[in-house]
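Letter by letter, the chains look like this.
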Amino acid sequence: MLQRYPILAGASIGGVAACLPLNTIDNHVAGRELFGEDLESVLHATGIDTRRVCRLPTTTALDLSVQAAKRLIEEERLVTADCTGIVFVTHTPDSWMPNNASLVQQMLGFSGWTAALDVNHACAGYPYGLWVGGSLAVSTQSWVLVLDGDTSNHHVSPYDKATALLLGDAGTATVIVPESDSRWRFSFETDGRGREALTFPAGGARHPMTAADLQYTGDPGSRRRGIDWTMDGMAVFAYMTQNMPRHVRALLTEEHLTVEDLDYAVLHQPNGFMLRTIARGIGIGLEKVPTNVARFGNLSSASIPTTIVSELAEDVRQRSTRCLMSGFGAGLSIASVLMNLGPIVVPELVEYDG
Amino acid sequence: MDALDTTKFIEQFAEVVEVQPAELSLSDRFREKVPYWSSLLGFGLLTMFDMEYGVQLSLDEFMKAETVDDLRQAVIHGQQSPAQG
């Protein structure tokens, strides 16, 4: 029978680690020229005071995620030869070919018997990574590494008000282990009609990059290159604030739960205002919605695992918590999972000078 | 036709822009009245009008509105007009 809310039995999270660039951008300074006197109002709404941004143009999501993975493997004392799969969630891979996951196999010295694949997703990516990684762990009965990271700032125009002060860079690692008692419940939604709302217009096969795509064009306040993040903020805001509450309630109902039963709703954090609006729509108190967007920026698909590390570490190291995790973004896509999280290994946040 | 409850409208408006309902009245020029007004809050209002009243105001209509009451009138007008495509 068709199952709209996929069940994955037999896998659980063993640990989560995150790595951020050490380099910190102060939006209250960096945004002065672009926003002028509107700056403080804008930052009050987005709630993004500072962001972590790679110092070097050559530092990638792969570098940050591998740092996180190394720390996690060390702290969990995992046997690398036993890892059967690597899943890498990113929309900023090192190259089109080969995929990031194959590079990780070599960098971390995993066995040749390792399945390696990337999941191309933006802000909705983490639950997808858990679904694929969890399925691999169940089918191989060994541990699987899910890396999730984006270095969005390499592809952002400093002259585009929609994105210039929004994004942070991050890389994360999650270890998934077989565990017979565990049961995860997912919900995935896709609406490709909104494909234009969040996109890199140029640089793919459909619109190969030309010299013109390297020029900044457009009106003041939205000048960007063809290869840059292009976001229709109003369209994304409207779609997500209208659909997320229904999506979350439906998944909870399917599991005979209400928001009261949750310890945490770890949501993707596009910006502070949107997070609060969505939380209000879901009907969940903000004390159950951990956030780091004020300090780190919108971390794309790495939002959720980074928040587990920076906000929930103390709690989930010690006890089992009932968690909802929801990502939402480009596609347009919404992806959620309900699970018991903890006790798990959570190393201190790793910082990378690069 | 005016089925719009003003008290409720102000409550909903205040919730979106994150102020106390008692601090807001119909005659307020919301861009000046709301501390830290920004376009993001405008997105919030447009979405609320759509969700609560089924009215999709255009950006032009929104920009023309100066007071809370201007927006209330626009929503009432939107409810009376045939649905937009």
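Now for a quick tour of the structure. (Residues numbered from 1 in each chain as written. Chains lettered and ligands numbered in written order. Predicted model: local features only at pLDDT ≥ 70, side-chain atom pairs only at ≥ 80, totals over all residues.)

1. A look at the overall build of chain B
Inference 1: The secondary structure content of chain B amounts to 5 helices and 0 strands.
Inference 2: Helices and strands in chain B line up, N terminus first, as α-α-α-α-α.
Inference 3: Its C-alpha radius of gyration of 12 Å places chain B within 12% of the 12 Å reference for a compact globule of 85 residues.
Inference 4: Counting the 85 residues in chain B, one finds 28% classified as buried.
Inference 5: Considering only intrachain contacts with a sequence separation of at least 6, the fraction spanning at least 24 residues in chain B is 56%. (Helix = DSSP H or I, 4+ residues; strand = E, 2+ residues; numbered from the N terminus. Rg over C-alpha atoms; globule rule 2.2 N^0.38 Å. Buried ≥ 20, exposed ≤ 12 C-beta atoms within 10 Å, placed from the backbone. Contact = placed C-beta atoms within 7 Å.)

2. Some points on the packing of helix H7 (residues 233–254) of chain A against helix H3 (residues 39–53) of chain B
A pair of packed helices is characterised by two quantities: the angle between their axes and the separation of those axes.
Inference 1: Interhelical geometry of H7(A) versus H3(B) gives an angle of 45° and a closest axis separation of 10 Å. If you check the angle between H7(A) and H3(B), you find them oblique. Pair H7(A) / H3(B) crosses with right-handed handedness. Seen from H7(A), the contacting residues are Gly233(A), Met234(A), Phe237(A), Ala238(A), Thr241(A) and Gln242(A); seen from H3(B), they are Phe43(B), Thr47(B), Asp50(B) and Met51(B).
Inference 2: Of the residues contributing to the contact of H7(A) with H3(B), the split by class is 5 nonpolar, 4 polar and 1 charged. (Axes fitted to C-alpha atoms, helices over the stretch in contact; angles between N-to-C directions. Parallel < 35°, antiparallel > 145°, perpendicular 65-115°, else oblique. Left-handed = near helix turned anticlockwise from the far one by under 90°. Nonpolar A, V, L, I, M, F, W, Y, C, P; charged D, E, K, R; others polar.)

3. A look at the interface of chain A and chain B
Inference 1: With 15 residues of chain A at the interface, the matching set in chain B holds 10 residues.
Inference 2: The residue inventory of the side of chain A that touches chain B, partitioned by class, reads 6 nonpolar, 7 polar and 2 charged.

Purely geometric numbers; function is a separate question.
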